[in-house]
Amino acid sequence: MASHRRPRAGKTRVTVLTATAVTAVAFASNVSYADPAPSQEQVRQRIGELYHQAEATTEEYNGLAERQERLREQVARAQGRIADAQAELVVLQGDLGSMAAARYRGGGVDPTLALLMSENPDEYLSRASALDRLAERQQAAVVRARSTRRTLDQERREAADTLAALEAGRRDLAAKRADVESKLTRARELLNTLDASDRARFLVADGPAEGSAGAFADGTDPNRASRDEARTGSARDARTAPLDGRAAIAVAAATRALGKPYVWGAGGPDSFDCSGLTGWAWRQAGVVLPRTSQAQAGAGRAVPIAEIRPGDLVVYFGGYTHVGVYVGAGRIIHAPKPGTNVRYAPLRSMPIAKVVRPA
């Protein structure tokens, strides 16, 4: 019996040793493959990515907010039309009641018999003619009342649909707002991990993040032009291009906004995001631009960068997620990102996707 117990004890020891060895190997594996702490450059890159994503989402938010405003206006107009139709229907129903009562009072006797028994046939015939005209008016009023009722029902259905879209849009806005705020909160947390010099350097840099440039309509890459070409173009726009009066007003407005803080979703006059600034500047000149940088990229005539003039919109990044106002001498004014103010920047400080001259 004893000879049979020893092997079992030996097996037990082997099992314990094996388990210990496995644990040690696993621990060693975890230690050897642990992710190293991110470098300052990686942190800066991640902050830039978050700001870029937040700005793209901000432009989506702006588009939704613009649509919400249109829907609210539609609801207000529909409610006005509903009130008018309801009032008209009440008047028509009152008229129909009055005409029905008059018809009843005058039409209780057979017309031929009433004529024979009448002491004044001329008066009767006149009254009968009036009743016929009353019947025609009554018929027309019935048709009008039916048409008004159909219009009222249609307006109510459309208003209900618009209100439903308004509520769905409200939920979408809330989701976009939460998304932007989450990204900005995370970016601020990472920004606070940088030392003071790195943090200041990041905030001084223009644009929300690095990105890839788009191409102009003719297929050329707008970022391949040399610095000499850029200087030549800047000199030309200041020297020979006549400045449109509205463009001059827009440039002056953008200049007045210098130093105002970047606030996402803001459209002035005390704070701005990128498309809020460009839209506000051109609105001072009487030109209403769409709310988002993507829509502003199509709100005018695309021009080659060699023909750029003060007042033109410069749209950046492949997704059209950033925009500024060109003010001449190779510079733009733009609202860069959270934690910064409206300021000047070199025209080519970010990848240019398109230059647009507002109509």
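For the structure, see preceding data.
**Let's talk about the overall build of the protein**
- A tally of helices and strands in the protein yields nine helices and six strands.
- Split into buried and exposed, the 359 residues of the protein put 35% on the buried side.
- Taking contacts inside the protein between residues at least 6 apart in sequence as the whole, the part at least 24 apart equals 73%.
- Total accessible area computed for the protein in this model is approximately 20500 Å², and 55% of it derives from carbon and sulfur atoms.

**A closer look at the nonpolar core**
- If you look at the biggest cluster of nonpolar residues, it comprises 42 residues, and the most contacted ones within it are Ile47, Tyr51, Phe272, Trp282, Leu313 and Val342.
- If you list the elements that add at least two residues to this core, you get helix 2 (40-106), helix 4 (121-191), helix 7 (245-256), helix 8 (274-283), strand 2 (313-316) and strand 3 (322-328).
- Setting aside residues no more than four positions away along its own chain, Trp282 makes contact with Arg246, Ala247, Ala250, Val287, Leu289, Gly311, Leu313 and Pro358.

**Brief notes about helix 8**
- Buried residues dominate helix 8, accounting for nine of its 10 residues.
- Among all positions in helix 8, only Cys274, Ser275, Gly276, Leu277, Thr278, Gly279, Trp280, Ala281 and Trp282 are buried.

**Some thoughts on the packing of aromatic side chains**
- Considering all chains together, one arrives at three aromatic pairs under this definition.
- With 5.8 Å between their ring centres and 25° between their planes, Tyr51 and Phe202 make a pair best called stacked. Here Phe202 lies in helix 5 (residues 196-204) and Tyr51 lies in helix 2, a separation of 151 residues in the sequence.
- Of the residues examined, Tyr51 reaches a relative accessible area of 4% and is grouped as buried.
- Given the relative accessible area of 9%, Phe202 is considered buried.
- Across from the ring centre of Tyr344, 3.8 Å away, lies the NZ or CZ of Arg331, which sits over that ring.
- It is Lys337 that lies over the ring of Phe202; its NZ or CZ is 4.2 Å from the centre.

**Section: unusual backbone geometry**
- The omega torsion of the bond from Gly268 to Pro269 falls at 0°, within 30 degrees of zero and hence cis.
- In this structure, Pro269 sits in the loop between helix 7 and helix 8.
- Even without a glycine there, the phi angle at Phe317 is positive, about 75°.
- As for its placement among the helices and strands, Phe317 is situated in the loop between strand 2 and strand 3.
- Unlike most non-glycine residues, Ala329 shows phi in positive territory, near 55°.
- Structurally, Ala329 is set in the loop between strand 3 and strand 4 (331-334).
- When its relative accessible area of 57% is taken as the criterion, Ala329 is described as exposed.

**Section: the side chain of Ser293**
- Mapping Ser293 onto the fold places it in helix 9 (residues 293-296).
- Of note is the side chain of Ser293, whose polar atom sits 2.6 Å from the backbone oxygen of Tyr320.
- When neighbours within four sequence positions are excluded, Ser293 is seen to be in contact with Glu59, Ser275, Val315, Tyr320, Thr321, His322 and Val323.

**What to know about helix 7**
- Over its 12 residues, helix 7 runs 17 Å from end to end, which matches the ideal 16 Å to within 8%, given 1.5 Å per residue.
- Buried residues of helix 7: Ala247, Ala250, Val251, Ala253 and Ala254, and no others. An end-on view of helix 7 places all buried positions within 160° of arc, on one side of the element.
- In the core, the buried residues of helix 7 are packed alongside helix 8, strand 3 and strand 4.
- Here helix 7 starts with a cap whose side-chain oxygen sits 2.9 Å from the backbone nitrogen of Arg246, and that cap is Asp244.

**Observations concerning the side chain of Asp273**
- Here Asp273 shows up in the loop between helix 7 and helix 8.
- Here the side chain of Asp273 touches Asn62 through a polar contact of 3.0 Å, side chain to side chain.
- Setting aside residues up to four positions removed in sequence, Asp273 forms contacts with Thr58, Glu59, Asn62, Tyr262, Val263, Trp264, Gly265, Ala266, Arg291 and Ala335.

**Side note on the sheet that holds strand 4**
- Taken together, the six strands give an open sheet; going across it, the order is 1-6-2-3-4-5, and neighbouring strands pair in antiparallel fashion. Here the strands that pair on one side only, and so sit at the sheet edges, are strand 1 (300-302) and strand 5 (343-346). For this sheet the average axis-to-axis angle between neighbouring strands, irrespective of direction, equals 40°.
- Across four bridges, the pairing between strand 4 and strand 5 is antiparallel. Looking at the pairing, Ile333 lines up with Tyr344 of strand 5.

**Brief notes about the environment of Gly63**
- Inspection of the secondary structure assignment puts Gly63 in helix 2.
- Judged by relative accessible area, Gly63 falls into the partly exposed class, the value being 24%.

Parameters at a glance
- Residues numbered from 1 in each chain as written.
- Predicted model: local features only at pLDDT ≥ 70, side-chain atom pairs only at ≥ 80, totals over all residues.
- Heavy atoms only, no water.
- Helix = DSSP H or I, 4+ residues; strand = E, 2+ residues; numbered from the N terminus.
- Buried < 20%, exposed > 50% of the residue type's maximum accessible area, 1.4 Å probe, protein only.
- Contact = heavy atoms within 4.5 Å.
- Areas by Shrake-Rupley, 256 points an atom, 1.4 Å probe, with all protein chains shown as cover.
- Core = buried A, V, L, I, M, F, W, Y, C linked by side-chain atoms within 4.5 Å.
- Phe/Tyr/Trp six-rings, centres within 6.5 Å; stacked < 30°, edge-to-face > 60°.
- Lys NZ or Arg CZ within 6 Å of the ring centre and 35° of its normal.
- Polar contact = N/O pair within 3.5 Å; in protein donor to acceptor, adjacent residues only side chain to side chain.
- Expected span 1.5 Å × (residues − 1).
- Arc of directions from axis to C-beta.
- Pairing = 2+ DSSP bridges.
- Axes fitted to C-alpha atoms, helices over the stretch in contact; angles between N-to-C directions.

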